[in-house]
Amino acid sequence: MASELLLEGKCCFAPWKRKYMQIQGLFLVRAHFGWVNFIVRKLSDRIRLTARLARWINDVLSRRTEARSLAFDLTHKTKTFERGDYPVAEGLSVDERCWGYGPINQDFFREIMRSVPVDLSSYSFIDVGAGKGAALMLASEFSFHHIIGVELSGELIDIGKRNVECYHRSTRRIIDPEWVRADFLRWKIPEEDALFFFNNPLPKDIALQAVQKIVEESFKTSTRSIIVYRRPPGEVPRYLAMNPSCCPLRLSPYWEIYGVGLNKDGWLAGKAKNKET
Ligand SMILES: C[S@@+](CC[C@H](N)C(=O)[O-])C[C@H]1O[C@@H](n2cnc3c(N)ncnc32)[C@H](O)[C@@H]1O
């Protein structure tokens, strides 16, 4: 359906189709009772009595999320959990402009990746802002043929490399990610089909530029790109929704997945989806 719309030059879904997709996507977020939490929070906006209940549920679930993130480190003797502030662009200091590091939770990551409706083995995994490598290690559970982590902070990359060694000793899984120390906005995206993972790595203005860069590169090089964005900020959701080169694959209240890329035969990601699922 998505590819047909794109071929007609109308990839921007009708509002009711997006709504339908969002409702379907809501029930995909089961980890840590994601959809229950969402509905309780929505209700609490309208019914005062449920506000306390919503806060309580939210606190319980946040504690559970933290415990599961910590459990990853305890199991594999890695050090991904500790948060910190880091600069958001080359040449800036933390005092000038920073953004928080925090790892992706293992349950959320697996749930998101399982919902991507394409065969992942023909894609590289690119973590935009790879931090201490949590997403790179988890991506090794999936069939990506190449795993790349782009990270601005050399300090985080050093920690990430040590984490990957610990993870290898713990799981015996062969994982050999390519670490790139770079500002994502200045990095030359490789010409290959790739899934770009954004775990809220950038403030909204930079995030929009990063997504625009992927869409433009994908278009220029006729490569298939999938953008997986956890908590897309500012204008990013609107840009993706309105751009005729982007087709929603899954939409949920917490993350959005878009296929990007056109060539003369149509929407490549859409073709892959139709063939593979
Ligand atoms: C929220 S953390 C996500 C870490 C990792 N993706 C994960 O899910 O475990 C965001 C990371 O993006 C990095 N970052 C921020 N701006 C960046 C930029 N312009 N280029 C590359 N990395 C950046 C930060 O240093 C931080 O490590």
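Located above this text is the structure these notes cover.
Residues numbered from 1 in each chain as written. Predicted model: local features only at pLDDT ≥ 70, side-chain atom pairs only at ≥ 80, totals over all residues.

A.B. asks: Looking at this model, I keep getting lost on the sheet that holds strand E7 (residues 225-230). Mind explaining?
C.D. replies: Strand pairing in a sheet is mediated by backbone hydrogen bonds. Such pairs are either parallel or antiparallel. With mixed pairing, 7 strands are arranged side by side in an open sheet as E5-E4-E3-E6-E7-E9-E8. Pairing within the sheet leaves two strands with one partner each, and these edge strands are strand E5 (178-181) and strand E8 (246-251). Neighbour to neighbour, the strand axes of the sheet diverge by 20° on average, direction disregarded. By the bridge criterion, 4 bridges tie strand E4 (residues 146-151) to E5 in an arrangement that is parallel. For Ile-148, the partnering residue across the bridge sits in E5 and is Glu-178. Helix H7 (residues 154-171) rests against E4 and E5 of the sheet, and its axis sits at about 165° to E5. Contacting strand E3 (124-128), strand E6 (194-199), E7, E8 and strand E9 (255-260), helix H8 (residues 204-221) runs over the sheet at an angle of about 170° to E7. (Pairing = 2+ DSSP bridges. Helix = DSSP H or I, 4+ residues; strand = E, 2+ residues; numbered from the N terminus. Axes fitted to C-alpha atoms, helices over the stretch in contact; angles between N-to-C directions. Contact = placed C-beta atoms within 7 Å.)

A.B. asks: What's the story with the nonpolar core in this structure? I'm lost.
C.D. replies: A general trend in soluble globular proteins is that nonpolar side chains are found buried together. Ranked by size, the top nonpolar core spans 52 residues in total, and within it Phe-196 and Val-228 carry the most contacts. Excluding residues that lie within four positions of it along the chain, Phe-196 makes contacts with Ile-126, Val-128, Ile-214, Ser-225, Ile-226, Ile-227 and Val-228. (Core = buried A, V, L, I, M, F, W, Y, C linked by C-beta atoms within 7 Å. Buried ≥ 20, exposed ≤ 12 C-beta atoms within 10 Å, placed from the backbone.)

A.B. asks: For this particular structure, what's the right way to read the environment of Lys-213?
C.D. replies: Along the polypeptide, Lys-213 turns up in helix H8. For Lys-213, a count of 16 C-beta atoms within 10 Å corresponds to the partly exposed category. Taking the C-alpha atoms as reference points, Lys-213 and Arg-186, 27 residues apart in sequence, are found 9.7 Å from one another.

A.B. asks: Sorry, what's going on with the pairing of E6 here?
C.D. replies: Regular strands place side chains that alternate from one sheet face to the opposite one. Within E6, 6 of the 6 residues are buried, which leaves it mostly tucked inside the rest of the structure. Going residue by residue along E6, you find Ala-194, Phe-196 and Phe-198 tucked away on one face and Leu-195, Phe-197 and Asn-199 tucked away on the opposite face as well. Across 4 bridges, the pairing between E3 and E6 is parallel. Across the sheet, the residue bridging to Asp-127 is Phe-197, located in E6. Sheet topology places E6 next to E7; 6 bridges connect them, and they run parallel. Bridge pairing in E7 links Phe-196 to Ile-227. Running through H8, the crossover from E6 to the neighbouring parallel element E7 is right-handed. (Right-handed = clockwise from strand over helix to strand, strands pointing away.)

A.B. asks: Any chance you could explain unusual backbone geometry here in plain terms?
C.D. replies: Among all residues save glycine, negative phi is the norm, and among peptide bonds the norm is trans. At Asn-200, a residue that is not glycine, the phi angle is positive and equals roughly 40°. Locating Asn-200 in the fold gives a position in the loop between E6 and H8. Residues other than glycine seldom take positive phi values, yet Arg-231 does so here, at roughly 55°. Of note, Arg-231 is situated in the loop between E7 and helix H9 (236-242).

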